[in-house]
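# Structural description and commentary
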Amino acid sequence: MIPVTTFKGKDVALFGLGGSGLATAQALVAGGAYVTAWDDNPESVTRASQAGIMVADLRGIDWSKQTAFVLSPGVPLTHPKPHWTVDLAKAVGVEVIGDVELFARERRAVAPGCPFIAITGTNGKSTTTALIAHILKQSGRDTQLGGNIGTAVLTLDEPKAGRFYVVECSSYQIDLAPTLNPTAGILLNLTPDHLDRHGTMQHYADAKERLVAGSDTAIIGVDDSFCALIADRVERAGVAVKRISKRSPVADGIYADGMQLMQAHGGAAEKIADLDGIQTLKGAHNAQNAAAAIAACLAVGLSTDEIRQGLQSFPGLKHRMQPVGRRAQVVFVNDSKATNAEAAAPALSSYERIYWIAGGLPKEGGIASLAPLFSHIVKAYLIGEAAPAFAATLGESVRYEISGTLDQAVAHAAADADDDTMSSAVMLSPACASFDQFKNFEVRGDAFVHLVADLQDVTMLVDTGNRS
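Everything in this summary refers to the structure shown in the same document. (Residues numbered from 1 in each chain as written. Predicted model: local features only at pLDDT ≥ 70, side-chain atom pairs only at ≥ 80, totals over all residues. Heavy atoms only, no water.)

## Here's the deal with the sheet that holds strand 20 (residues 424–428)
Each strand in a sheet pairs with its neighbour through backbone hydrogen bonds, running either in the same direction (parallel) or in the opposite one (antiparallel). One open sheet holds the seven strands; their spatial order is 19-18-16-20-15-14-22, and the pairing between them is mixed. Of all the strands in the sheet, the pair left with one neighbour each is strand 19 (400–404) and strand 22 (459–460). Of the strand pairs in this sheet, strand 14 (residues 322–327) and strand 22 are connected by two bridges, and their pairing is antiparallel. Looking at the pairing, Arg326 lines up with Thr459 of strand 22. Across the face of the sheet, helix 15 (residues 441–453) comes into contact with strand 14, strand 15 (330–334), strand 16 (354–359), strand 20 and strand 22 while running at roughly 160° to strand 15. (Pairing = 2+ DSSP bridges. Helix = DSSP H or I, 4+ residues; strand = E, 2+ residues; numbered from the N terminus. Contact = heavy atoms within 4.5 Å. Axes fitted to C-alpha atoms, helices over the stretch in contact; angles between N-to-C directions.)

## Focus on the sheet that holds strand 1 (residues 11–15)
A sheet is described by the order of its strands in space; here four strands give the open sequence 2-1-3-4, paired in parallel fashion. Each edge of the open sheet is held by one strand with a lone partner, namely strand 2 (34–38) and strand 4 (95–97). Strand-to-strand, the axes of this sheet are offset by a mean angle of 25°, without reference to chain direction. Strands in contact with helix 3 (residues 84–91) are strand 1, strand 2, strand 3 (68–71) and strand 4; relative to strand 3, the strand with the most contacts, it is inclined by about 165°.

## Details of the packing of aromatic side chains
Counting across every chain of the model gives four aromatic pairs. A ring pair is formed by Phe103 and Phe116, whose centres lie 5.1 Å apart and whose planes are at 80°; its orientation type is edge-to-face. Of this pair, Phe103 sits in helix 4 (residues 99–110) while Phe116 is found in strand 5 (residues 116–120), placing the two residues 13 residues apart along the sequence. Summarising the burial analysis for this pair, Phe103 and Phe116 share the class buried. Members of the aromatic cluster, each reached through a chain of ring pairs, are Phe103, Phe116 and Tyr165. Positioned above the aromatic ring of Trp84, the side-chain terminus of Arg59 is 3.8 Å from the ring centre. Its end group placed over the ring of Tyr351, Lys282 keeps NZ or CZ at 4.8 Å from the ring centre. (Phe/Tyr/Trp six-rings, centres within 6.5 Å; stacked < 30°, edge-to-face > 60°. Buried < 20%, exposed > 50% of the residue type's maximum accessible area, 1.4 Å probe, protein only. Lys NZ or Arg CZ within 6 Å of the ring centre and 35° of its normal.)

Shown next, in the form of structure tokens:
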């Protein structure tokens, strides 16, 4: 835990007592703050009270005594309308902040020199975050990984000299972190997302821009117009900017030339890394992720040799284009995190011959947008509620069977791939939610891994853990 000492002896109101909210309340109390916390969920309130947190309905507290109001990032700050607690805080001029802001303040107060890399973007941020943390750990650095990737930032070890922090930040968290100041801040890309919470695309982009605007070094993907303009603005404001691109050369930064990553400075460029043969970094999207990771690691003092070694040994992000097993010329790929067509596209574009397991609880639009990638699919194995609709979309374009369940799909796809004389992939990339047959995409992905492990003569590339 990181005790939040910057609010020692001060009154702080807090709303939202889920996993990260409860951790935040405990971190504030550990640092000496007087916390009053609340949640709309009575079970969360009870759990917090049992953990020793002072709980009270925030409608009845004296807001004029509060130094700050800490809001869970899952609670609306502005759109579609501010949560009632936000209105109460702003009515008396109490600042509204979140856990990432508390971390940023504590770092500045306790160990301002410890390297801090923050990552955001619409797509790819979890892979980039995991890749950076892996490179740092492989180089022997004391590395703390958290934030939106799944570990609450205030549950990490407390800041000290020589400790590196790698923190994934959602737009909601950035909205609640007005003084966020990473050593290296990464903005990968921007496409329309979460507009129900930001109102407009411009407001969403403005939130993302704040992360790089406060960075010592801003690393910005410039393959979309929003980010290209942000890079120009941030640079004009005096921030050191490194541009990255997966498709075009840049004058100062890192760009992809096929599977080679080129480092450019002053118009001259040289190869800094080669992704060819790294199964966990296949595809143009991963070239962008790797370029951002390289730029960030350089910014915090790693050598090119340390970075290359980390790239080569990267195991991949679990459930995201994750090679989990191999049998002869067949690789088995777990892409369970692809819960819609847009998310499935990178995996389908990264392999030439795919035995594709797809389906589940369908999302709006189905898989029609994936039609340009159908040529990569040797055969599809359709499961869950989406199977009939997906079959209709595939039509005469792709061979398919309605397997119904994941175990049938894995068995049939593996048998068909074995008969293929060419290298191929048996891939779970469902383009669907999991909820018709599985609790979540993690459980679905784990089930796929165990089914692959049960096949004969498969060399597993991941630890399957304990079966229960």
